[in-house]
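Residue strings, one per chain:
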Amino acid sequence: MLKKIKKAIPKTWIIKINSLRFRKQYENTLSKDELKVFVMLAADYGNLGDVAITEAQKSFLQKTFPKYHVIEVPISDTYKNLGNIKKICSSQDIITLIGGGNMGDIYEDIEERRRTVISYFPENKIVSFPQTIDFSDSELGEKSLKKSIEVYSNHNNLKIFARETISYNLMKELFPKNNVNLVPDIVLSLDNSKPQLKREGIVFSLRDDKESRVKKNEKEMLIDTIKEKYENVKFYDTHIGDNNFISTNASLELENIWKAFKEAKVVITDRLHGMIFCAITNTPCIVMPNSNHKIIGSYNNWLNTIPNIKLIQDFDIEKIELILDELMKENSPSIDGFDLSKEFKALSNILLEKKY
């Protein structure tokens, strides 16, 4: 009964109620006259891919706007903070939405928060950082997409970035009233290849959720096969679990996984940010697709020229073994010099352009 009552309460009321009882952290520290750029829907949960997106997005904004206050707003506090942000936000301030793979009904709670933020700041420039779009053909997916099209199209200064061509073409078709551009996942703006560490063994970074494409028994067979051949096999998923994550330790958690990757001779993964973490740490990688197009799309757009990152489109243990044997050799090719900085120019230009 309580859940039904909560669902019946308009979100505008929830925002007002929460803003009254939530401590006024923004009003106490910043004035309306100071220049601000907000990172909305920032990850405060155990998906280190999303945490890395948040950290990379903040870093990118700090470099782009050295005179601005870059303010991170955790996704779990979205409704609590909107009222207070509104009070200190001028029309010159910029709202950015977190990048990632949550534009769609698979993560409907996040998409609903995105729509709420867009609706709540009609006078501000809003920039949605590089995303993968994935609305299902279900009744829920169609309903959610219809809402998003309406909300996005009603904002006359919403800029949307896709992180691979499939999403870019779909966004252009669905959101013709918005400015849509293509750039890499924002984590690819980072370089964590130094310092170089001694490499040994293999790290598995495999998902076990609704986005998994490789069957559970196939993964078990693959792990058993590799363990029979190689002694030093470790496991380090990019999702460490929400209960194990403390937001104040975000940077430390990222350093830990990047260190684990830099100490591995090869990483085997079916996570997009497993592949991306390998790219930014100069780590050889075998990557298998997930249930949607984000891995294949990102690989084809940005990473297919890297000799040490190998995409296996159809699960084949023998093929994986052959590639692994080659990558485990001492003389496997280096990916030093990998640099996508020029590819982010469109994002910088949109952020810096005048409001209209």
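Refer to the structure presented above.
Summary of the structure given here. (Residues numbered from 1 in each chain as written. Predicted model: local features only at pLDDT ≥ 70, side-chain atom pairs only at ≥ 80, totals over all residues. Heavy atoms only, no water.)

At a closest axis distance of 10 Å, the pairing of helix 4 (residues 48–64) and helix 10 (residues 250–262) adopts a crossing angle of 115°. The element helix 4 and its partner helix 10 pack so that their crossing is left-handed. Residue-level inspection shows Leu48, Val51, Ala52 and Glu55 of helix 4 in contact with helix 10, the latter providing Ala250, Ser251, Glu253, Leu254, Ile257 and Trp258. Looking at the contact of helix 4 with helix 10, its residues break down into 7 nonpolar, 1 polar and 2 charged. (Axes fitted to C-alpha atoms, helices over the stretch in contact; angles between N-to-C directions. Helix = DSSP H or I, 4+ residues; strand = E, 2+ residues; numbered from the N terminus. Left-handed = near helix turned anticlockwise from the far one by under 90°. Contact = heavy atoms within 4.5 Å. Nonpolar A, V, L, I, M, F, W, Y, C, P; charged D, E, K, R; others polar.)

Restricting attention to buried positions, one finds in helix 8 (residues 165–174) the residues Ser167, Met171 and Leu174. Buried residues in helix 8, looked at end-on, bunch into an arc of 70°, giving them a common side. Against strand 4 (100–103), strand 5 (125–133), helix 7 (139–154), strand 6 (158–162) and strand 7 (179–182) lie the buried residues of helix 8. At the N-terminal end of helix 8, a side-chain oxygen is found 3.3 Å from the backbone nitrogen of Ile166, two or three residues along, and the residue is Glu164. (Buried < 20%, exposed > 50% of the residue type's maximum accessible area, 1.4 Å probe, protein only. Arc of directions from axis to C-beta. Polar contact = N/O pair within 3.5 Å; in protein donor to acceptor, adjacent residues only side chain to side chain.)

On to the sheet that holds strand 12 (residues 309–311). Here 5 strands make up an open sheet; going across it, the order is 9-8-10-11-12 and the pairing parallel. Looking at which strands have only one partner, the edges of the open sheet turn out to be strand 9 (233–235) and strand 12. The average undirected angle you get between the axes of adjacent strands in this sheet is 20°. Looking at chain direction, strand 11 (residues 285–287) and strand 12 are connected through 3 bridges and run parallel. Looking at the pairing, Cys285 lines up with Ile309 of strand 12. (Pairing = 2+ DSSP bridges.)

Our next topic: the pattern of salt bridges. Evaluated as defined, the whole model comprises 16 salt bridges. For Asp314, the salt bridge goes to Arg213, with nearest N and O atoms at 3.8 Å. Remark: Arg213 occurs in the loop between strand 8 (202–205) and helix 9 (216–229) and Asp314 occurs in the loop between strand 12 and helix 13 (317–327); sequence separation between them is 101 residues. According to the relative accessible area criterion, Asp314 is exposed, its value standing at 58%. Close ionic contact of Lys259 with Glu263 constitutes a salt bridge, the shortest N to O distance being 2.7 Å. (Salt bridge = Lys/Arg side-chain N within 4 Å of Asp/Glu carboxyl O.)

So, about unusual backbone geometry. Between Lys194 and the following residue, Pro195, the backbone shows a cis peptide bond with an omega angle of -5°. Topologically, Pro195 is positioned in the loop between strand 7 and strand 8. Of note in the backbone geometry, Leu41 takes a positive phi value of approximately 65° without being a glycine. Mapped onto the fold, Leu41 is located in strand 1 (residues 36–42). Taking relative accessible area as the criterion, Leu41 reaches 1% and is therefore assigned buried. One non-glycine residue with positive phi stands out, namely Asn282, at about 60°. Checked against the element boundaries, Asn282 lands in the loop between helix 11 (272–281) and strand 11.

Per the stated rule, a full pass over the model turns up 8 aromatic pairs. A ring pair is formed by Tyr120 and Phe121, whose centres lie 5.6 Å apart and whose planes are at 75°; its orientation type is edge-to-face. Among the residues examined, Phe121 registers a relative accessible area of 0% and is labelled buried. Taking 6.3 Å as the distance between ring centres and 65° as the angle between the ring planes, the aromatic pair formed by Phe261 and Phe277 counts as edge-to-face. Taken as a pair, Phe261 in helix 10 and Phe277 in helix 11 lie far apart in primary sequence, 16 residues in all. In this pair, the class of Phe261 matches that of Phe277, namely buried. An aromatic cluster of at least three residues, connected via ring pairs, comprises Phe60, Phe129 and Phe344. (Phe/Tyr/Trp six-rings, centres within 6.5 Å; stacked < 30°, edge-to-face > 60°.)

Quick look at the environment of Met103 now. Counting through the fold element by element, Met103 comes out in strand 4. Residue classification places Met103 among the buried positions, given a relative accessible area of 1%. Measuring from C-alpha to C-alpha, the distance between Met103 and Phe135 comes to 7.6 Å, with 32 residues separating the pair along the chain. If sequence neighbours within four positions are ignored, Met103 has contacts with Glu111, Arg114, Ser128, Gln131, Thr132, Ile133, Asp134, Phe135, Tyr152, Ile160, Met171 and Phe175.

Below, the discussion takes up empty space enclosed by the protein. Tallied over the entire structure, the rule returns 1 cavity of 30 Å³ or more. For the largest cavity, the calculated volume is near 40 Å³. Lining the largest cavity we find Gly101, Asn102, Met103, Gly104, Asp105, Ile106, Tyr107, Asp134, Glu211 and Asn292. Looking at the lining of the largest cavity residue by residue, the class counts come to 3 nonpolar, 4 polar and 3 charged. (1 Å grid on protein atoms, 1.4 Å probe; cavity = no way out; pocket = protein on both sides within 12 Å on 5 of 7 lines; lining within 4 Å. Points joined across faces, edges and corners; volume = space filled by probe spheres on them.)

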